[in-house]
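Coordinate analysis (summary)
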Amino acid sequence: VSDRSYLHNYWDINENYLTSDATLTYQNDRDYGTLSSFYFQDLRTNPDNLYNPSIIPIGDYHKEFFHGENKFVSNANFINILRKNGQLNTKRLSTKFNWEKETNVNNHRLGFFQKLKASIFNFSNKAPTTSQYMQLAHRKEINVVTPESEMNWSYSLVALYDSHTLYVNPIVNIIASPNSSKNNKIINEDSKSLELTDTNLFSDDRYAGYNQIEHGNRSNYGINADLLMDKYHYNFLFVQVYRQRKTKDYSINSGLYNKHFSDYVGHVSVKPTTWLSTFYRFRFDQKRMHSRKQELDNQLFFNLNNDIINSITLVNKISKINYIKTKDNNFIDLDKVITLETNIRLFKEWFIEGSAA
């Protein structure tokens with residue numbers, strides 16, 4: 001570990017730190033749990049270890065059971081984060097209890113959910129700090145309890161033709177919860193970023209971690225359509241989010257910052273042949289339809305199936321994030337990326353890969 005050349009030459013390790021971890025897992029039918037610990041070792045010449053954490057431990061537990069048409073789910077998460085030199089230490093226990101019921105009424109798909117989220121935070125340090133984790137008076141405890149009610153509605157429309165089938169599915173998701181939270185009082189360890197994308201449009205909480213939660217009355221609504229033609233598939237998704245109250249909890253470039261109506265978000269998926277598929281993901285400003293984010297993925301697949309080359313896959317990805325508004329009302333062009341990838345399979349047991357960005 002003390003010799004960077006050794007790590008590079010024999011282990012191909014180029015990171016600035018090493019990670020040691022140990023994990024125990026439990027699974028029984030639909031119930032599961034994990035218990036893990038992580039330790040990070042800095043390899044830089046003059047490391048700044050003030051904020052490097054050790055996680056001893058982090059645990060998750062999930063349990064669910066059914067009673068008739070009712071589903072009950074409970075989740076629990078515990079984490080203990082330690083830092084050296086009197087810096088911030090964090091303990092958190094989070095739980096979530098769900099009651100879920102879904103039914104079909106005259107082809108209207110209805111889902112009802114009652115949820116209760118509760119978290120206990122304990123922040124401590126031996127000396128006040130002016131770091132990104134804010135000043136602490138040596139010890140701080142916060143309790144957060146958030147009830148939430150949710151209703152989902154969808155209605156499938158189907159049109160059958162000789163050569164193709166069209167599915168159109170409007171979706172509405174309504175969530176009611178208190179319009180106040182303690183997000184601004186929580187030292188944010190695990191929910192650093194949130195962005196409205198086509199993968200989390202109908203989620204009740206888009207934050208990746210537990211330290212921040214979405215709150216307030218809100219609704220997600222949109223339309224999902226599929227066109228099936230023999231072996232070929234076309235898909236379209238278009239969704240927007242409405243919030244009863246504006247909030248600045250979200251980041252500037254999330255698509256939700258200080259808005260009643262979010263940006264328009266969705267995707268278009270096209271597979272016109274067996275050798276070509278295209279996926280286009282977008283986000284447009286809700287007022288002027290300015291492009292905020294665009295991603296285009298193209299994949300070409302050629303199945304040669306001869307004695308030497310079995311197949312060739314070519315992947316092209318173009319990403320562009322446009323003119324995100326900052327807090328001082330400036331606009332910046334954040335990112336433009338073009339990625340190319342190639343995969344060639346040889347002799348049914350070997351492959352060659354390459355990529356460039």
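Residues numbered from 1 in each chain as written. Predicted model: local features only at pLDDT ≥ 70, side-chain atom pairs only at ≥ 80, totals over all residues. Heavy atoms only, no water.

When helices and strands are counted, the chain shows 1 helix and 19 strands. When burial is assessed residue by residue, the chain has 35% of its 357 residues classed as buried. A separation of at least 24 residues holds for 49% of the contacts in the chain among residues at least 6 apart in sequence. A total accessible area of about 21800 Å² is found for the chain, and carbon and sulfur atoms account for 55% of it. (Helix = DSSP H or I, 4+ residues; strand = E, 2+ residues; numbered from the N terminus. Buried < 20%, exposed > 50% of the residue type's maximum accessible area, 1.4 Å probe, protein only. Contact = heavy atoms within 4.5 Å. Areas by Shrake-Rupley, 256 points an atom, 1.4 Å probe, with all protein chains shown as cover.)

Turning our attention to the pairing of strand β7 (residues 139-155). Relative to β7, strand β6 (residues 108-124) is paired through 17 bridges, and the arrangement is antiparallel. Bridge assignment links glycine 111 to a residue of β7, and that residue is asparagine 152. Looking at chain direction, β7 and strand β9 (residues 165-176) are connected through 6 bridges and run antiparallel. Residue pairing in the sheet places methionine 151 in a bridge with isoleucine 174 of β9. (Pairing = 2+ DSSP bridges.)

This part takes up the nonpolar core. Core analysis: the largest hydrophobic core is formed by 10 residues, namely Leu194, Leu196, Leu201, Tyr207, Leu237, Val239, Val241, Tyr250, Leu256 and Val265. The residues contacting leucine 194, other than those within four sequence positions of it, are Arg206, Tyr207, Glu214, Tyr250, Ser251, Ser254 and Leu256. Formed by 8 residues, the second largest nonpolar core is a distinct cluster that contains Phe121, Phe123, Ile186 and Ile213. (Core = buried A, V, L, I, M, F, W, Y, C linked by side-chain atoms within 4.5 Å.)

Under the criterion given, the structure shown has 21 salt bridges. A salt bridge links lysine 96 to aspartate 204, with the shortest nitrogen-to-oxygen separation between them at 3.4 Å. Residue lysine 96 is found in strand β5 (residues 89-105), and its partner aspartate 204 is found in the loop between β9 and β10 (218-229); the two are separated by 108 residues along the sequence. Residue classification places lysine 96 among the partly exposed residues on the basis of a relative accessible area of 22%. Its relative accessible area of 11% is what places aspartate 204 among the buried residues. Taken together, the salt bridges that share partners define one network made up of Lys96, Lys115, Lys117, Glu148, Glu150, Asp204, Asp205 and Arg218. (Salt bridge = Lys/Arg side-chain N within 4 Å of Asp/Glu carboxyl O.)

On to the environment of serine 191, then. One can find serine 191 in the loop between β9 and β10. When its relative accessible area of 2% is taken as the criterion, serine 191 is described as buried. Measuring from C-alpha to C-alpha, the distance between serine 191 and tyrosine 207 comes to 5.8 Å, with 16 residues separating the pair along the chain. When neighbours within four sequence positions are excluded, serine 191 is seen to be in contact with Tyr207, Gly209, Tyr210, Asn211 and Gln212. At a separation of 3.0 Å, a polar atom in the side chain of serine 191 contacts the side chain of aspartate 190. Within the structure, the side chain of serine 191 is placed 3.4 Å from the backbone nitrogen of glutamine 212, a separation counted as a polar contact. (Polar contact = N/O pair within 3.5 Å; in protein donor to acceptor, adjacent residues only side chain to side chain.)

Topologically, asparagine 77 is positioned in strand β4 (residues 70-83). Among the polar contacts listed, one links the side chain of asparagine 77 to the backbone oxygen of glycine 59, at a separation of 3.3 Å. Beyond its immediate chain neighbours, meaning those up to four positions away, asparagine 77 contacts Ile58, Gly59, Asp60, Arg92, Leu93, Ser94 and Tyr210.

What describes a pair of aromatic rings is the distance from one ring centre to the other and the angle between the planes of the rings. Evaluated as defined, the whole model comprises 10 aromatic pairs. Between tyrosine 242 and phenylalanine 261 the ring centres are 4.9 Å apart and the planes differ by 50°, which places this aromatic pair in the tilted class. Residue tyrosine 242 is located in strand β11 (residues 232-243), and its partner phenylalanine 261 is located in the loop between β11 and β12 (264-273); the two are separated by 19 residues in the primary sequence. Note on phenylalanine 261: relative accessible area 40%, which makes it partly exposed. What links up through ring pairs into an aromatic cluster is the set Phe236, Phe238, Tyr264, Tyr280, Phe282 and Phe284. Across from the ring centre of phenylalanine 113, 5.6 Å away, lies the NZ or CZ of lysine 115, which sits over that ring. (Phe/Tyr/Trp six-rings, centres within 6.5 Å; stacked < 30°, edge-to-face > 60°. Lys NZ or Arg CZ within 6 Å of the ring centre and 35° of its normal.)

On to the pairing of strand β19 (residues 350-356). Along any regular strand, the residues point their side chains to alternate faces of the sheet. When strand β18 (residues 335-346) meets β19, the two strands line up antiparallel, connected through 7 bridges. In the strand pairing of β19, threonine 342 is matched with glycine 354. The turn linking β18 back onto β19 is made up of 3 residues, and phenylalanine 347 within it adopts a positive phi angle of 55°.

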